Amino acid sequence: MIFGGIKRSIIRFVLYCVVSIWKLMARFGKLNVINNGIIYPRKQVLNSPKADFEGNVGKALLLRMRKNLERNGDFKCLVNGGYTLQGTTASCGDKSITLSQVIQTSEAFGAALFNAGLRKGDVVHFLLPNCTDYHALVIGVWMCNGIVSLGDPGLSAPVLKTQLQETKAKFVVCFQGSRQVLHQALKEIEETIQVIVLPSNQDELEPDYLNLTDFIQEIGLKEPEVETFEEDDTVVIFWSSGTTGLPKGIQHSVKTFQYVIGDMESRMAFNDVLGMTTTCFFHVGGFFYPLKNLIHERSSWVFNHGPDLDNAPDTCQVLFEEIDLFKPSYLMFGSHHLVMLSKAKPKKPLDLSSPMLVMPMGSTVPKSLFEDLKLNLSSLQAVAHAFALTELPTLVAFQLDSDFGLGGLGPTVVAKVVDPETGKVCRQDEIGELLIRSKVAMKGYLNRPEENAKFFDEDGFVHTGDLVSFNQLGNLRYEGRCKDLIKYKNVHMYPLEIENVIYKHPDVIDVGVFGRPEPTVQELVTALVVKKPQSQLLEDDIVTMVENALDDAKHLRGGVVFVDELPKNPVGKTLRRNLLQLYDKMK
């Protein structure tokens with residue numbers, strides 16, 4: 001116990017020094033360098049670390065897991081936090097899984113899939129929530145040179161049908177919570193797809209569906225044959241969040257994993273440093289982070305199942321109690337969960353002193369988040385903002401203080417800012433689209449050649465769809481999304497600037513600003529606001545705040561409507577396409 005306290009004190013001191021040095025570098029322009037309109041990181045890494053793979057991705061990860069087991073012994077690598085705390089879960093799997101169990105499950109599932117006919121290039125579509133078996137089953141697919149398609153188990157049957165048809169999936173792995181929607185989708189598909197259901201004590205399965213345990217036992221355990229792979233072979237399909245339409249399949253190749261794993265292995269291993277997350281494993285950030293625990297270090301990753309939190313009487317209290325129970329050193333939470341925690345208070349005495357770093361995932365957060373969270377998390381040193389995309393699973397930009405925008409570029413990327421309409425490179429303080437050049441980029445959108453052509457430009461840069469500006473020091477500032485543009489009398493603006501003003505009110509929990517169509521002026525700037533319970537906040541208070549802070553065109557002529565919650569995707573991004581629909585419903 002004493003040693004643990006000393007170790008935590010050392011980590012806290014080191015982190016304090018890192019944050020202080022970073023802020024000094026940011027203040028004096030030492031993060032990025034501008035040369036002929038191109039923005040470079042201060043310390044550029046020209047030769048990104050790239051892992052050597054023997055066999056295939058599955059075999060390469062298994063080899064690394066075995067070495068980790070030999071080096072550090074067995075340990076709990078994945079823990080279902082809500083299940084452990086409350087004794088019940090709407091997810092599947094066990095309360096925790098050890099590294100040796102991950103290895104065993106990967107090998108058994110891979111052998112069963114191979115004997116059931118899975119071969120190189122075949123797709124296995126996952127409809128699983130965060131659970132202890134998630135990564136083991138994915139690695140099993142890769143042992144057969146298969147492709148995993150990581151779907152959202154909460155999607156509707158029509159969307160699921162589209163994903164199954166686009167991927168031409170041969171297998172689907174689901175759980176009881178996604179089984180019925182899957183059954184509806186399969187009724188509309190002519191092709192035969194083998195369904196594997198994670199064990200549960202619930203209803204009997206549909207004909208031809210197999211329980212995971214039965215599937216492994218019935219099929220047998222002949223080891224998969226390893227076929228030759230190419231760096232450009234697809235190994236995983238993530239799906240876009242669908243904030244502006246139907247989700248798109250985002251394909252990543254073996255090469256992506258070689259760079260991601262190479263980066264992990266080049267970093268210091270932090271043994272016995274526990275992290276906690278509320279992000280989804282079927283999204284790129286949520287999926288990659290636990291891999292480091294499996295292959296590189298002895299540390300536990302405490303995860304949560306979204307509905308366990310959403311359906312709890314008090315989501316914040318559950319998270320506070322998990323922090324008290326597990327003592328995590330850092331939190332990688334959906335941005336909405338961190339905002340909720342920043343506005344809440346624990347209902348009973350709890351030890352919340354362990355978190356030293358928090359990382360919001362999914363969307364921007366108020367500038368006051370650090371100070372608000374520190375009222376409860378006394379040891380907190382910084383809010384770390386890591387900017388990345390599903391299409392670019394590498395560190396695009398990073399900052400430890402929101403006063404410095406997006407902060408410094410990742411060491412392996414180069415950026416430029418261009419006018420979205422003309423393609424001309426922007427100058428200082430001009431808003432334009434951020435383009436990135438990196439060795440770690442998606443292979444392409446699934447079955448969307450026209451969108452692929454638009455994504456990659458002739459100079460090797462890729463379009464992010466994000467709007468930024470930069471100052472004389474080269475520090476990037478996030479301005480919004482290209483598709484979020486609001487037009488009022490030919491004045492163009494973006495919601496984030498207005499939302500940041502509204503967020504400053506202490507009673508505001510969440511806000512979504514959008515343009516409400518009005519032919520005489522194009523669009524009226526309108527806000528949906530979630531306020532604290534029992535708050536006396538009025539529409540006029542919000543309208544006056546914006547009028548006092550922003551230009552006339554950005555005033556809330558469309559009004560303010562108070563709502564219980566904003567429409568979100570699983571990682572906390574506001575579904576802006578649904579804001580007008582919610583407004584019409586409330587009015």
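Each remark here, short or long, concerns the structure printed above.
A brief report on the enclosed structure follows. The model shown is predicted, which means the values in this text are computed figures rather than measured ones. (Residues numbered from 1 in each chain as written. Predicted model: local features only at pLDDT ≥ 70, side-chain atom pairs only at ≥ 80, totals over all residues. Heavy atoms only, no water.)

The residue Met442 is located in the loop between β21 (432–437) and β22 (444–445) in this model. Setting aside residues up to four positions removed in sequence, Met442 forms contacts with Ile250, Gln251, His252, Glu391, Asn452, Phe455 and Phe456. (Helix = DSSP H or I, 4+ residues; strand = E, 2+ residues; numbered from the N terminus. Contact = heavy atoms within 4.5 Å.)

We now examine the side chain of His252. Mapped onto the secondary structure, His252 falls in strand β11 (residues 249–253). One polar contact links His252 to Thr256, side chain to side chain, over a distance of 3.3 Å. Residues in contact with His252, not counting those within four places in the same chain, are Asp233, Thr234, Val235, Val236, Phe238, Thr390, Glu391, Pro393, Ala441, Met442 and Lys443. (Polar contact = N/O pair within 3.5 Å; in protein donor to acceptor, adjacent residues only side chain to side chain.)

Moving on, we get to helix α2 (residues 57–72). If you check α2, its first and last C-alpha atoms are 22 Å apart, about what 16 residues at 1.5 Å a residue would give, namely 22 Å. Next to the buried residues of α2 lie α4 (99–115), α5 (134–143), β10 (234–239), α9 (254–266) and α10 (284–295). Of the residues flanking the start of α2, the one acting as N-cap is Asn56, its side-chain oxygen 3.1 Å from the backbone nitrogen of Gly58. Once α2 ends, the next one or two residues include Gly73, with phi positive near 75°. (Expected span 1.5 Å × (residues − 1).)

Together, Ile6, Ile10, Phe13, Val14, Tyr16 and Val18 make up an exposed nonpolar region whose accessible area comes to about 600 Å². For Ile10, the location among the structural elements is in helix α1 (residues 2–27). (Patch = residues over 30% accessible without salt bridge, like charges linked within 9 Å, V, L, I, M, F, W, Y side chains within 5 Å. Areas by Shrake-Rupley, 256 points an atom, 1.4 Å probe, with all protein chains shown as cover. Salt bridge = Lys/Arg side-chain N within 4 Å of Asp/Glu carboxyl O.)

Sheet architecture is open: seven strands sit in the order β4-β3-β13-β12-β14-β15-β16, paired in mixed fashion. Strand pairing shows two members of the sheet lacking a second neighbour, β4 (96–98) and β16 (382–383), which therefore form its edges. (Pairing = 2+ DSSP bridges.)

For the rest of this paragraph, the subject is the packing of α2 against α4. With their axes 10 Å apart at the nearest point, α2 and α4 run at an angle of 155° to one another. Considered as vectors, α2 and α4 are oriented roughly antiparallel to each other. For the element pair α2 and α4, the recorded crossing hand is left-handed. Note on element contacts: α4 touches α2 through Leu99, Ser100, Val102, Ile103, Ser106 and Glu107, opposite Leu62, Met65, Arg66, Asn68 and Leu69. Here the contact of α2 with α4 is built from residues that sort into six nonpolar, three polar and two charged. (Axes fitted to C-alpha atoms, helices over the stretch in contact; angles between N-to-C directions. Parallel < 35°, antiparallel > 145°, perpendicular 65-115°, else oblique. Left-handed = near helix turned anticlockwise from the far one by under 90°. Nonpolar A, V, L, I, M, F, W, Y, C, P; charged D, E, K, R; others polar.)

This part takes up helix α12 (residues 315–326). With 12 residues, α12 extends 17 Å between its outermost C-alpha atoms, agreeing within 8% with the 16 Å of an ideal straight helix rising 1.5 Å per residue. The buried fraction of α12 is high, at nine of 12 residues. Among the residues making up α12, those that are buried are Thr315, Cys316, Gln317, Val318, Leu319, Phe320, Glu322, Ile323 and Phe326. A side-chain oxygen of the first residue of α12 lies 3.2 Å from the backbone nitrogen of Cys316; this N-cap is Asp314. (Buried < 20%, exposed > 50% of the residue type's maximum accessible area, 1.4 Å probe, protein only.)

Let us look at the environment of Ile11. Residue position: Ile11 is located in helix α1. Taking the relative accessible area as the measure of exposure, Ile11 reaches 25% and is therefore partly exposed. Ile11 has contacts with Val273 and Met356, leaving out every residue within four places of it along the chain.

In summary, soluble globular proteins display a tendency toward joint burial of nonpolar side chains. Core analysis: the biggest nonpolar cluster contains 78 residues, and Phe126, Leu128, Tyr134, Trp142, Leu150 and Phe287 have the highest contact counts within it. Here Leu128 is in contact with Cys92, Tyr134, Leu137, Gly151, Pro153, Val173, Cys174, Phe175, Leu198 and Phe282, once residues within four sequence places are set aside. Counting 36 residues, the second-largest nonpolar core is a separate cluster that includes Val79, Val318, Leu352 and Val365. (Core = buried A, V, L, I, M, F, W, Y, C linked by side-chain atoms within 4.5 Å.)

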